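# Commentary on secondary and tertiary structure
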Amino acid sequence: MSKFEKKVIIRNIREDDIDKIIELSKLSFPKMDPWKRSQLMSHIEVFPEGQFCVEVEGEIIGSCSSLIINFEEYDDQHTWDEITDEGYITNHDPEGYNLYGIEVAVHPEYRRMKIGRRLYEARKDLARRLNLKSIIIGGRIPNYNKHADKLTPREYVEEVTLHNIFDPVLTFQIMNGFTLKRVNKNYLDDDKASMKYATLMEWNNVDFQPRSKRVFKTSFPVRICAIQYMMKKIDSFEEFAQQCEYYADVGASYQSDFVVFPEIFTTQLLSFIEEKSPSQAIRKLTEFTEDYINLFTELAIKYNVNIIGGSHFVEEEGKIFNIAYLFRRDGTIEKQYKIHITPNERKFWGIHGGDKVEVFDTDCGKIAIQICYDIEFPELGRIATEKGANIIFTPFCTDDRQGYLRVRYCSQARAVENQVYTMITGTVGNLTHVENMDIQYAQSGIFTPSDFTFPRDGIEGECAPNIETVVIGDVDLEILRRHRKNGNVTQWRDRRKDLYKINYDC
């Protein structure tokens, strides 16, 4: 009998499904714009568990996409672009109450086989599993154009609700337990069949259990401590560890959520290594990698603070990389490779570049780390923000004021253009016995977007230049979220994706 079986699989969408889903959207909605690859990639990166497909014998015959929101925060007459961030769902809110369905597509040859019902049930199961209050959808009314000369949208919807008129979408939604909330106009520009109207429908999760901790936030402060670290001669790793613990203690004593050290500040260890060749000295420095990781893991746990351990040169498969580590206070570790290597790093040390922009989950939201030179490439800031980062940390190391200003100006630009918080922290002092690390220049700072909500100059705090010290400042993620929606300017939302986009393959 097995040769007659056809196994129907409902699963989450994977990256290798994207081309098939784009073709499915073309077949399902031939007169509408299909999904873009960048949009579907964003769905998988932002909310993978909310994206489903139906597969039969290796062919994808149905798909649906969704995100989580707090529906009360959106205008009653919202559009599809507003509710989905133009299809990229970067406004997905894991703490929201409502699952919002943004598309269901079924292959024309497989309709009337309850494929759509299977996808709707998958959404309902997800809503129950995540304890969400309801599922909301903006439904098309594709047969309205046939009745528009006689009926208003409201009258048409009433007739469909009374089963006097059949609409393939609205009738299906009613049969699946959704109730009508309102009719929205200008919902989807390319939906000519519905004449741009949509029905706002809701399915209520009767198993929803209110949680006392899920309340509307008035504030979500995150405290950052940036270490402006003095590079000076030391005689042992133990002396280095003592200085690092001192600063971890300082950050923790001010109840910081993040303590951030500068780029390659571990080159201070070279002051007691007898090796004159820069390239060979760096290879000897990599021998301290395990000691470095053990030290900062213990400090993060001991002082209950997330530590970005600057960056350190690491040897992997015979190549040297410049890597920034995130040491979470729960003992877990992540890492970000420096992607763009400066001519100096390449010439003196033979450093290789990484190839992936990481965004890390923390107990203070999503963050990104962009090491020194990387902050000078605006594409990386865009990618990190699309992946959900609210703060971009930049450990840096520069030897003169011009180099420092490149890092500073670009970090402030990333804060404005992406509506995120950024911070920079660098090394100061001199290492007179270390080739290619002899002088340092820095003025560390914490930066914000530029609007009335934030400090006048877009600077939350900054150190005096070229002294050993710290800067501590609070950034508020709730204020940032509101600013992205209702600021005097909304650069992130107003990008012209119809004219330009970033293709990112890693």
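Residues numbered from 1 in each chain as written. Predicted model: local features only at pLDDT ≥ 70, side-chain atom pairs only at ≥ 80, totals over all residues. Heavy atoms only, no water.

## With respect to empty space enclosed by the protein
It is the rolling of a water-molecule-sized probe over the atoms that shows where space remains empty. Heads up, the condition is: The rule is simple: put a 1 Å grid over the protein atoms alone, call a set of points where a 1.4 Å probe fits but cannot get out a cavity, call an open set with protein on both sides within 12 Å along at least five of seven lines a pocket, and count a residue as lining if it has an atom within 4 Å of a point. Grid points are joined across faces, edges and corners, and a volume is the space filled by probe spheres set on the points.
Here the structure, examined in full by the defined rule, presents 1 cavity of 30 Å³ or more. Looking at the largest cavity, its volume works out to about 70 Å³. Lining the largest cavity are L270, I273, E275, K276, P278, A281, I282, W349, H433, V434 and E435.

## Overview of the pairing of strand β7 (residues 198-204)
Selection criterion: Remark: exposure states derive from per-residue accessible area (1.4 Å probe, protein chains only) relative to the maximum for the residue type, with buried under 20%, exposed over 50%, and partly exposed in between. Secondary structure elements follow DSSP: runs of H or I of four or more residues count as helices, runs of E of two or more count as strands, with numbering from the N terminus. Two strands are said to pair when DSSP picks up at least two bridges between them.
Buried residues dominate β7, accounting for 6 of its 7 residues. For strand β5 (residues 134-140) and β7, the ladder comprises 7 bridges, and the chain directions are antiparallel. Bridged to G139 within β7 is T199.

## Structural notes on the layout of surface pockets
Taken as a whole, the second largest pocket spans an internal volume of roughly 1,600 Å³. Forming the walls of the second largest pocket are 50 residues, and the residues nearest its centre are N91, H92, D93, P94 and R481. When contributions to the lining of the second largest pocket are tallied by element, the ones reaching two or more residues are β5, β15 (360-362), β16 (365-369), α11 (378-386) and α13 (477-486). At 7 residues, the largest contribution of residues to the lining of the second largest pocket is made by α13.

## Some thoughts on unusual backbone geometry
For residues that are not glycine, phi is negative in most cases, and the peptide bond is trans in most cases. Of note, I89 is a non-glycine position whose phi angle comes to about 50 degrees, a positive value. Its relative accessible area of 0% is what places I89 among the buried residues. One non-glycine residue, N304, adopts positive backbone phi at about 50 degrees. Residue position: N304 is located in the loop between α9 (289-302) and β10 (306-308).

## Things to note about the side chain of R328
To be explicit about the condition: In protein, a polar contact means a hydrogen-donor-capable atom and an acceptor-capable atom, both N or O and within 3.5 Å, with residues adjacent in sequence counting only if both atoms are side-chain atoms; elsewhere, any N or O pair within 3.5 Å suffices. Two residues qualify as a contact provided that any one of their heavy atoms is within 4.5 Å of a heavy atom in the partner residue.
Assignment of secondary structure puts R328 in the loop between β12 (319-327) and β13 (333-337). The exposure class assigned to R328 is buried, which follows from its relative accessible area of 13%. A polar contact of 2.9 Å, which involves the side chain of R328, links it to the backbone oxygen of D361. Here R328 is in contact with A300, N306, I333, E334, F360, D361 and T362, once residues within four sequence places are set aside.

## Regarding α13
Turning to α13, its buried residues are L477, E478, L480, H483 and R484. N-capping of α13 is provided by D476, with a side-chain oxygen placed 2.9 Å from the backbone N of E478.

## Description of the confidence of the model for the chain
Using the following cut-off: The pLDDT value tells you how sure the predictor is about a given residue, anywhere from 0 up to 100.
Mean pLDDT over the chain works out to 92, with 97% of the residues at or above the 70 mark. Of the regions scoring below 50 in pLDDT, residues 1-5 engages in 1 contact with residues more than four places distant in sequence or in other chains.

## Focus: helix α8 (residues 278-285)
Short version of the rule: The arc in question is formed by the directions pointing from the helix axis toward the C-beta atoms.
Along α8, the residues classified as buried are P278, A281, I282 and L285. One side of α8 holds all its buried residues, which, seen down the axis, span an arc of 100 degrees. Against the buried residues of α8 lie α9, β11 (312-316), β12 and α10 (343-349).

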